[in-house]
Amino acid sequence: MRGGTVAVVGGSIAGCAFASAAVRAGAGEVVVLERTRGRLADRGLGLCVHDDRAAELAAAGALPGGIPAHRLERRRWVVRDAGAAGGRLIWEQPFPFHSYHWGLLWRGLYEATPDGVEFRQGVTVAGVDGGSGRAEVRLADGTVERYDLAVGADGYRSVVREAVCPGARPQYAGYVCWRGNLDAARLAQLGRDTDPHPRAVTTVCFPGGSCVIYRIPGPDGPRLNWVLYAPPPQDGRLRFDDPTSFPAGALTPELAQHLRALLEREFPPYWGQALALTDPADTFVQPIYDLDTARVTAAGLLLAGDAATVVRPHNTSGAAKALQDAAAFGAAWSRSGSWAELLRDYQAARGPAGRDLVALARRLGRAQVERTPAWAAMGEGEVAAWWQGQLGGAAGLGGGALPPAS
C-alpha cells in the first residue's frame, strides 16, 4: 500500500517512531501534532531497554544508532542493615539492559525522522472521529483536518483513546512513585566510592515499597536515576482519581516531607543520603495508573504507546513497547492492501501484547509495593522463588520479542 495521509497526535517517543515508520512504509503525507511548544529533549527521566529488544528494534529500523546509552549487567536487591552503609545484599540477578536519558532518546528519534515529516508544535487536538472511515482531527481552535489515519501517540490521557474506546480511563493503583536524578559526580560528597556498582541496578527493599537506582547518560555527563514506589501520605488534600502528576519542582510540602521520611527511615544510609542530594527541580511524583483497553484500533484510528495501554513502570518496558508498536505498524503496513487490513493486522499484533504487559506489571506492583514480603528475613533462594512467582510464566522484564519479519 502506497500513499495516503497520516496524522500522529503527540510528538514524544511513540510519535516520532510512528512518524518515521509511516514515511518508510510509503505514506504520502505525515503530520505530527504536538501540543507543547517547549523542548521535549529537556525531560530528564531515566529508562531502560532490554538488550534483546534493542537489537530487534534496531534491525526493524525503529531504534536509530548512536543514541547515548549506559550498559547495565545485573540487579542487586538490598535491605537496610545496621552493619552495612550500602545495605545488605539479599539477591543478585542478571540484568542485560541499557539505560537511556528520556530527552536524549527522544532527540535521537526526532532527528532520525525523515525530511517529509511535518512536525507542528503548539497544536492542541481537542478530539478525533473516525466514523466516516477516515480520521477527522478537531483542533482546539475549531479547525478540522482530515486524514486517512490518525495515530494516537498522546500518552496516558489520550484524546484519541476516547474515540477508540469511549470511557476507558486509567485507574489509580493506590500508590505513587517519586522520581529524580542527579549528577553522578555529586556522589563524591558522601566520602566513599563515587558509585560502588556503576553497571548494576540497585533495588532498595522495605516494607510497603521499593526503589530502583541506576546510572543513565546525561547531556553533561553520567547521572544517577531513581524511582521510588510507595503509598503517598494519607492527606485528604491529595487526590489521584483523575490521571495527574506533580512535575519537577512542584512537589507539595506533604509529598516532599514523606519522601525525606522514607529515605531516613527505610533506606541504607548510603542510598538514602545519595537520593537526598537530588535537587527539588529534578524531583517529581508520578501517581501509578494502569489501563487495559478492549481494542487499540477503530475505523481511521490507531493507538500507540501509553495511549493504547497504560502499564505500571515495574516492567521496564515502556519505551520498548512504544517502539515495538511502531515496528509492528510498519510491518502491518507492508503486508496490507488497505487501511482496514492494516488496522486489523496491528490489532492482532499489539492488542494481546499490551494486555500481557499490563497483567505482568500488576503482579509486580502487588509483590513489590502493595503486598511486600519480609525481605530482610529471606534467603537468596527464597527471593529467587518469590521473583519467579511474580513473573507468572513470563520470560522476564523488558517486554516480549517482536515476531520474526515475514
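From a predicted model like this one, the values you see are computed outputs, not experimental measurements.

**Q** Sorry, what's going on with the side chain of T283 here?
**A** Along the chain, T283 turns up in strand 15 (residues 283-292). A residue is classified by how much of its surface remains accessible, and T283, at 6% relative accessible area, is buried. Only 3.0 Å separates the side chain of T283 from the backbone oxygen of D279, close enough to count as a polar contact.

**Q** Mind showing me how you'd approach the packing of helix 7 (residues 318-335) against helix 8 (residues 339-370) here?
**A** What describes two packed helices is the angle between their axes and the distance between those same axes. It is the contact of helix 7 with helix 8, at a shortest axis distance of 8 Å, that shows an interaxial angle of 155°. Relative to helix 8, helix 7 is oriented roughly antiparallel. Relative to helix 8, the crossing made by helix 7 is right-handed. The residues of helix 8 that touch helix 7, namely those facing K321, Q324, D325, A328, F329, A332, W333 and R335, are W339, E341, L342, D345, Y346, R350, G354 and L357.

**Q** Just checking my understanding: could you explain the nonpolar core for this structure?
**A** Soluble globular proteins: nonpolar side chains tend toward being buried together. By size, the foremost hydrophobic cluster in this structure holds 96 residues, and its most contacted members are W178, L228 and F329. The residues touching L228, leaving out its near neighbours within four places in the chain, are V176, C177, W178, F206, S210, C211, L259, L262, L263 and F267. Counting residues in hydrophobic clusters, the runner-up holds 30 residues, among them C177, I216, L364 and L397.

**Q** Which parts of the structure should I look at to understand the pairing of strand 4 (residues 70-81)?
**A** Residues in a regular strand project their side chains so that they alternate between the two faces of the sheet. With 10 bridges connecting them, strand 4 and strand 5 (residues 84-101) associate as antiparallel partners. Bridge pairing in strand 5 places R71 opposite H98. From the end of strand 4 to the start of strand 5, which pair antiparallel, there are two residues. Two elements, strand 4 and strand 12 (residues 200-206), share six bridges in a ladder whose sense is parallel. Following the sheet pairing, V78 is matched in strand 12 by V204.

**Q** Explain the pairing of strand 1 (residues 5-9) to me, please; I cannot follow it from the model alone.
**A** Along strand 1, five of the five residues are buried, which leaves the element largely enclosed by surrounding structure. Residues T5, A7 and V9 line one face of strand 1 and the alternating positions V6 and V8 line the opposite face, and both faces are buried. Bridge count between strand 1 and strand 2 (residues 29-34): five bridges; the pairing is parallel. By the bridge assignment, V8 is partnered in strand 2 with V32. Taken together, strand 1, helix 1 (residues 13-25) and strand 2 form a β-α-β motif whose crossover is right-handed. Bridging between strand 1 and strand 10 (residues 149-152) involves four bridges; their strand directions are parallel.

**Q** Just checking my understanding: could you explain the pattern of salt bridges for this structure?
**A** Two side chains carrying opposite charge are able to pair once their charged atoms lie near each other. As enumerated under the stated definition, the model contains 17 salt bridges in all. Across the pair R88 and D81 runs a salt bridge, and its minimum N-O distance is 3.1 Å. Overall, the relative accessible area of 30% leaves R88 in the partly exposed class. Take D81: its relative accessible area is 26%, and that puts it in the partly exposed class. Across the salt bridge formed by K321 and D325, the nearest N and O atoms sit 2.9 Å from each other.

**Q** Is there a simple way to explain the side chain of T316 in this structure?
**A** Among the structural elements, T316 can be located in the loop between strand 18 (309-310) and helix 7. In this structure T316 touches C48, F95, F97, L397 and G398, once residues within four positions along its chain are discounted.

**Q** I tried to follow the packing of aromatic side chains on my own but got confused; where do I start?
**A** For any pair of aromatic rings, the description consists of the separation of the ring centres together with the inter-plane angle of the planes. For the structure shown, the criterion picks out 17 aromatic pairs. With a centroid separation of 6.3 Å and 35° between ring planes, the pair formed by W77 and W91 is classed as tilted. Of this pair, W77 sits in strand 4 while W91 sits in strand 5, and the two are 14 residues apart along the sequence. The two residues W77 and W91 agree in class, both being buried. Ring centres 6.2 Å apart and planes at 25° place the aromatic pair Y156 and Y289 in the stacked group. A residue pair is termed long-range when its members are at least 10 positions apart, and Y156 in the loop between strand 10 and helix 4 (159-164) and Y289 in strand 15 qualify at 133 residues. Its relative accessible area of 26% is what places Y156 among the partly exposed residues.

**Q** Can you walk me through the environment of L182 in this structure?
**A** Secondary-structure assignment places L182 in strand 11 (residues 171-183). Remark: the alpha-carbon pair of L182 and G142, spanning 40 residues in sequence, is separated by 42 Å. Excluding its chain neighbours within four sequence positions, the residues that come into contact with L182 are L187, P222, R223, L224, W226, A274, L277 and T278.

Cut-offs applied
Residues numbered from 1 in each chain as written. Predicted model: local features only at pLDDT ≥ 70, side-chain atom pairs only at ≥ 80, totals over all residues. Heavy atoms only, no water. Helix = DSSP H or I, 4+ residues; strand = E, 2+ residues; numbered from the N terminus. Buried < 20%, exposed > 50% of the residue type's maximum accessible area, 1.4 Å probe, protein only. Polar contact = N/O pair within 3.5 Å; in protein donor to acceptor, adjacent residues only side chain to side chain. Axes fitted to C-alpha atoms, helices over the stretch in contact; angles between N-to-C directions. Parallel < 35°, antiparallel > 145°, perpendicular 65-115°, else oblique. Left-handed = near helix turned anticlockwise from the far one by under 90°. Contact = heavy atoms within 4.5 Å. Core = buried A, V, L, I, M, F, W, Y, C linked by side-chain atoms within 4.5 Å. Pairing = 2+ DSSP bridges. Right-handed = clockwise from strand over helix to strand, strands pointing away. Salt bridge = Lys/Arg side-chain N within 4 Å of Asp/Glu carboxyl O. Phe/Tyr/Trp six-rings, centres within 6.5 Å; stacked < 30°, edge-to-face > 60°.

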